[in-house]
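Residues per chain are reported as follows:
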Amino acid sequence: MRGELPTAGDPDRPLDNVTVGRQLSAVGTLLAELADEVLFRATHQRRDGHTGPALMGFAAAVKPACQAASALAAAARRLAARDHAKHLGDEPAPEEYDRLVMSNALGIADEALRETSEDLRTAAAAISPSTARAEAARSRSTTAAPSPTPSPPAVSPAAPPGRLARGR
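All of these numbers come straight from a predicted model, not from anything done at the bench.

**Describing the overall build of the protein**
And step 1. A count of helices and strands for the protein gives four helices and zero strands.
And step 2. Taken from the N to the C terminus, the helices and strands of the protein come in the order α-α-α-α.
And step 3. Within the protein, counting contacts between residues at least 6 apart in sequence, those at least 24 apart form 72% of the total.
And step 4. With the model as given, the accessible surface of the protein reaches about 11800 Å², and the carbon-plus-sulfur share is 57%.

Following this line, the structure appears as structure tokens:
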């Protein structure tokens, strides 16, 4: 999601309410999915030790996702105010002001989405922890495991000098 955020002042990707609205919708979908995960984990808590940390990880990811949604909503509001002023024939705010407000809001959204992804990585690690023992087993199995391809047939050693080698 972070890579798809628009950039204020980028001539190749103009900043408009449709672009910001799509991003806001994507963050809203993410929030709904996070809330579903929190609810699912809370109602199906198991005693295996992974549910609590996973629940905390998903719940922690909600806050920065909300901050991203709030920042995108601020950008959408500023764009709507600018477009409305133009429509009414009023003098819109200076373009530099709009660019500053948009850059600030999009920067906050980007940082919040980065934090959300870190919290989701933490939740994923709680669900499927990678222990040192498991890592050691994986490293041994990849270096010491027999090759899945059949080995070439053994070549009979050369006959000693003075003897002819016979095939069977």
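Right, picking up where we left off after that structure.
**What about the confidence of the model for the protein?**
And step 1. Counting all residues, the mean pLDDT for the protein is 74, and 64% of those residues have values of 70 or more.
And step 2. Averaged pLDDT values over the elements of the protein bottom out at 49 in helix α4 (residues 132–144) and peak at 88 in helix α1 (residues 17–43).
And step 3. Per-residue pLDDT stays below 50 along residues 141–157; that stretch engages in one contact with residues further than four places along the chain or on separate chains.

**As for the packing of α1 against helix α3 (residues 95–127)**
And step 1. The contact between α1 and α3 brings their axes to 13 Å, and the two run at 30 degrees. Between α1 and α3, the crossing angle belongs to the class labelled roughly parallel. Where α1 crosses over α3, the two elements pack in a sense that is left-handed. Residues Val27, Leu30, Leu34 and Arg41 of α1 lie in contact with α3, whose contacting residues are Leu113, Thr116, Leu120 and Ile127.
And step 2. By residue class, the composition of the contact of α1 with α3 is six nonpolar, one polar and one charged.

**Quick word on the pattern of salt bridges**
And step 1. Enumeration according to the criterion identifies three salt bridges in this entry.
And step 2. Across the salt bridge formed by aspartate 83 and arginine 82, the nearest N and O atoms sit 3.6 Å from each other.
And step 3. With relative accessibility at 35%, the residue aspartate 83 sits in the partly exposed group.
And step 4. In this structure, arginine 114 engages glutamate 118 in a salt bridge whose closest nitrogen and oxygen atoms are separated by 2.2 Å. Of this pair, arginine 114 and glutamate 118 are both found in helix α3, four residues apart, which corresponds to roughly one turn of the helix.
And step 5. Judged by relative accessible area, which is 24%, arginine 114 ranks as partly exposed.

The rules behind the values
Residues numbered from 1 in each chain as written. Predicted model: local features only at pLDDT ≥ 70, side-chain atom pairs only at ≥ 80, totals over all residues. Heavy atoms only, no water. Helix = DSSP H or I, 4+ residues; strand = E, 2+ residues; numbered from the N terminus. Contact = heavy atoms within 4.5 Å. Areas by Shrake-Rupley, 256 points an atom, 1.4 Å probe, with all protein chains shown as cover. pLDDT = per-residue confidence, 0-100. Axes fitted to C-alpha atoms, helices over the stretch in contact; angles between N-to-C directions. Parallel < 35°, antiparallel > 145°, perpendicular 65-115°, else oblique. Left-handed = near helix turned anticlockwise from the far one by under 90°. Nonpolar A, V, L, I, M, F, W, Y, C, P; charged D, E, K, R; others polar. Salt bridge = Lys/Arg side-chain N within 4 Å of Asp/Glu carboxyl O. Buried < 20%, exposed > 50% of the residue type's maximum accessible area, 1.4 Å probe, protein only.

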